[in-house]
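One letter stands for each residue in the lines below.
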Amino acid sequence: MTMRKLAPILLILAASVAVTSTVATARTSTAKSTTRTVKVGDDYFVGDGKARTVTVKRNTRVRWKWAGNSAHDVTVRKGPVKFRSPVKSSGTYSRKMTRIGTYRIYCSIHGAAAQSMTLKVVR
Ligand SMILES: [Cu+2]
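Residues numbered from 1 in each chain as written. Predicted model: local features only at pLDDT ≥ 70, side-chain atom pairs only at ≥ 80, totals over all residues.

Draft legend 1. Fine view of the overall build of the chain. In terms of helices and strands, the chain carries one helix and eight strands. What you see in the chain, going N to C, is helices and strands ordered as α-β-β-β-β-β-β-β-β. (Helix = DSSP H or I, 4+ residues; strand = E, 2+ residues; numbered from the N terminus.)

What follows is the structure, given as structure tokens:
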């Protein structure tokens, strides 16, 4: 094959590689900038003995991920929006945080004194 015939094929190949990598980059940055994972352990959120306040920007998707063995839920007891996850012992529960403010969250099974966290949603 001569170079004259090969050139258009190379151009098409280069273009498709460029499109593919742009899409991949966009997906990666979306996941990084808009999802925050919070651990749901056995009778704690975030981390045992660690700070229990999580701050995210508005429109972040917060994903609670069950990591222990017991059943827990994610319940807002005070905040701009009230929500409650199902009682689960594995898997995840996600919520897109569209309202700015401070959310006091607890597990309704183990109680606020044993298992709670603060979620701050900021501009
Ligand atoms: Cu619990």
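Draft legend 2. Quick look at the nonpolar core. Counting 16 residues, the largest nonpolar core has Val-40, Phe-45, Val-62, Trp-64, Ile-105 and Leu-119 as its most contacted members. Those elements that place two or more of their residues in this core are strand E1 (35-41), strand E2 (44-45), strand E4 (60-66), strand E7 (101-106) and strand E8 (116-122). (Core = buried A, V, L, I, M, F, W, Y, C linked by C-beta atoms within 7 Å. Buried ≥ 20, exposed ≤ 12 C-beta atoms within 10 Å, placed from the backbone.)

Draft legend 3. Highlighting the sheet that holds E1. Spatially, the four strands line up as an open sheet ordered E2-E1-E4-E6, and their pairing is mixed. The sheet is open, and its two edges are formed by E2 and strand E6 (92-97), each paired on a single side. Here E4 runs beside E6; their pairing, made up of six bridges, is antiparallel. When the sheet's bridge partners are listed, Trp-64 is paired in E6 with Tyr-93. (Pairing = 2+ DSSP bridges.)

Draft legend 4. Focus on the environment of Arg-63. Mapping Arg-63 onto the fold places it in strand E4. The class for Arg-63 is partly exposed, based on 13 C-beta atoms found within 10 Å. Taking the C-alpha atoms as reference points, Arg-63 and Lys-39, 24 residues apart in sequence, are found 8.4 Å from one another. Those residues within four positions of Arg-63 in sequence are excluded, and the remaining contacts are Thr-35, Arg-36, Thr-37, Thr-92 and Ser-94. (Contact = placed C-beta atoms within 7 Å.)

Draft legend 5. Molecular detail of unusual backbone geometry. The residue Asp-43 is not glycine, and still its phi comes out positive at about 70°. Its place among the elements puts Asp-43 in the loop between E1 and E2. Residue classification places Asp-43 among the partly exposed residues on the basis of 15 C-beta atoms within 10 Å. Positive phi, close to 75°, is recorded for Asn-59, a residue that is not glycine. Along the chain, the position of Asn-59 falls in the loop between strand E3 (53-57) and E4. Taking the C-beta count within 10 Å as the criterion, Asn-59 has 12 such neighbours and is therefore assigned exposed.

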